Amino acid sequence: MAIDLQTRYLGLDLKNPLVVSASPLSSDISRLRNLAEAGAAAIVLPSLFEEQIRHEAATVERLAAAGSDSFAESLSYFPSSAEAVTGPRRYLDFVAEAHAKIDVPIIASLNGSSVAGWVDYAGLMEAAGASAIELNIYRIASGPNSTGSQVEVDTVALAKAVKAQVKVPVAVKLHPHFSAFGALARELDAVGVDGLILFNRLFQPDIDLAKLKWVNEVDLSSPADIRLGLLWLSQLSGKLKKASLAANTGVETVDEVLKYLMAGADVVMLASALLRHGPGYLQTLLLGLEDWLAARGFKSVAEVRGLLKSKHPDSERHEREDYIESLTQYRGPYARGA
């Protein structure tokens, strides 16, 4: 029996629900081609960072200022902002090349935390051929004057500013550490955001006790990381007017893919599993997904999507009831008594 794996994300029709999230695997054309051939339904390019754009702008301004006291003809040796060939320019060239050579949707990624001129790059990414823009809003509000409400206002304003620059879909990738995530999700949906990606993991450094210094190693995700995403996908599925839902973090086997879909994800993003096992692992996951669905009589991904999403009218009270039950019903070996 043929299984229909098709899904829809950000208004894009995808051949299956597996989307490759930003990582070193999507950093050059040969790797993109490998991912597409292995079955990726869409690919997110590595992020262009706000700091890179600011650096480019400062470099161009410095070069222009350096030539302002020279003869007029010497100014032709300095690049205009449109001609600069530092990081951001190369990124746009990469978007254009990927669009031309890879036959799955290519999603460009902007990583920042403030509303500034850098949002103009969303328009340049669109012009270069990006099928969509992923806005990775990464901000650790550690300043003493930063309030939760202001951070959320800033997040919505940033998403709205990027939406105003482009006609292609815009997805927002968020970390879960907002005071009222459900309300924030609905505000983003209300300003026209096309998709929400749950979740980005915050940078979490460690301390090397031997060297008495901070270490900044990146840990790949594990299946234990999916639970918060499952909770919020379940809470938001079917309750947003427009925004698609993407699950992100913790995918290692087909089990995590299925759980995310059942909680309400339209697509499942992955990178860590591919960094461990290589691009060909996409085929393993897709075959596992087909086998699981066929063995249980499902004919499509659509039949299981949102199958276990929250259906309780008072979700907050229901979640608290589940929380209490989980604590009171624990029966580990040292909690059973003599």
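Residues numbered from 1 in each chain as written. Predicted model: local features only at pLDDT ≥ 70, side-chain atom pairs only at ≥ 80, totals over all residues. Heavy atoms only, no water.

> Would you mind going over helix α7 (residues 227–236) in detail, with residue names and values included?
Burial in α7 covers these residues: G229, L233, S234, Q235 and L236. Downstream of α7 by a residue or two, G238 has a phi angle that is positive, lying close to 80 degrees. (Buried < 20%, exposed > 50% of the residue type's maximum accessible area, 1.4 Å probe, protein only. Helix = DSSP H or I, 4+ residues; strand = E, 2+ residues; numbered from the N terminus.)

> Can you tell me about the sheet that holds strand β5 (residues 106–112), naming the residues and giving the values?
One closed barrel accounts for eight strands, arranged β3-β4-β5-β6-β7-β8-β11-β12; its pairing is parallel. Put simply, the sheet's adjacent strands are angled 25 degrees from each other on average, direction ignored. The sheet contact formed by strand β3 (residues 18–20) and strand β12 (residues 267–270) spans three bridges and is parallel. Within β12, the residue paired with V20 across the bridge is L270. Against the sheet, helix α6 (residues 181–190) engages β7 (170–174) and β8 (195–198), with an angle of about 165 degrees to β7. Across the sheet, helix α10 (residues 281–295) touches β3 and β12, and the angle it forms with β3 is around 160 degrees. (Pairing = 2+ DSSP bridges. Axes fitted to C-alpha atoms, helices over the stretch in contact; angles between N-to-C directions. Contact = heavy atoms within 4.5 Å.)

> Go over the side chain of T7 with me, naming the residues and quoting the values.
Among the secondary structure elements, T7 is positioned in strand β1 (residues 7–9). For T7, the side chain forms a polar contact with the main-chain oxygen of D266, separated by 2.8 Å. When residues no more than four places from it in sequence are discounted, the contact partners of T7 are L12, D13, L14, N16, P17, D266, V267 and R305. (Polar contact = N/O pair within 3.5 Å; in protein donor to acceptor, adjacent residues only side chain to side chain.)

> Explain the packing of aromatic side chains residue by residue, including any values.
Counted under the stated rule, the structure contains four aromatic pairs. Relative to F199, the ring of F181 has its centre 5.1 Å away and its plane inclined at 70 degrees; by these criteria the two rings are edge-to-face. In this pair, F181 is assigned in helix α6 and F199 in the loop between β8 and β9 (206–208), connecting sequence segments 18 residues apart. Grouping residues by exposure puts F181 and F199 together as buried. Seen in terms of ring centroids, W292 and F298 are 6.1 Å apart; in terms of plane orientation they differ by 5 degrees. Their pairing is stacked. Among the residues examined, F298 registers a relative accessible area of 18% and is labelled buried. In textbook terms, an aromatic cluster arises when at least three aromatic residues are bridged by ring pairs, as seen for F178, F181, F199 and W232. (Phe/Tyr/Trp six-rings, centres within 6.5 Å; stacked < 30°, edge-to-face > 60°.)

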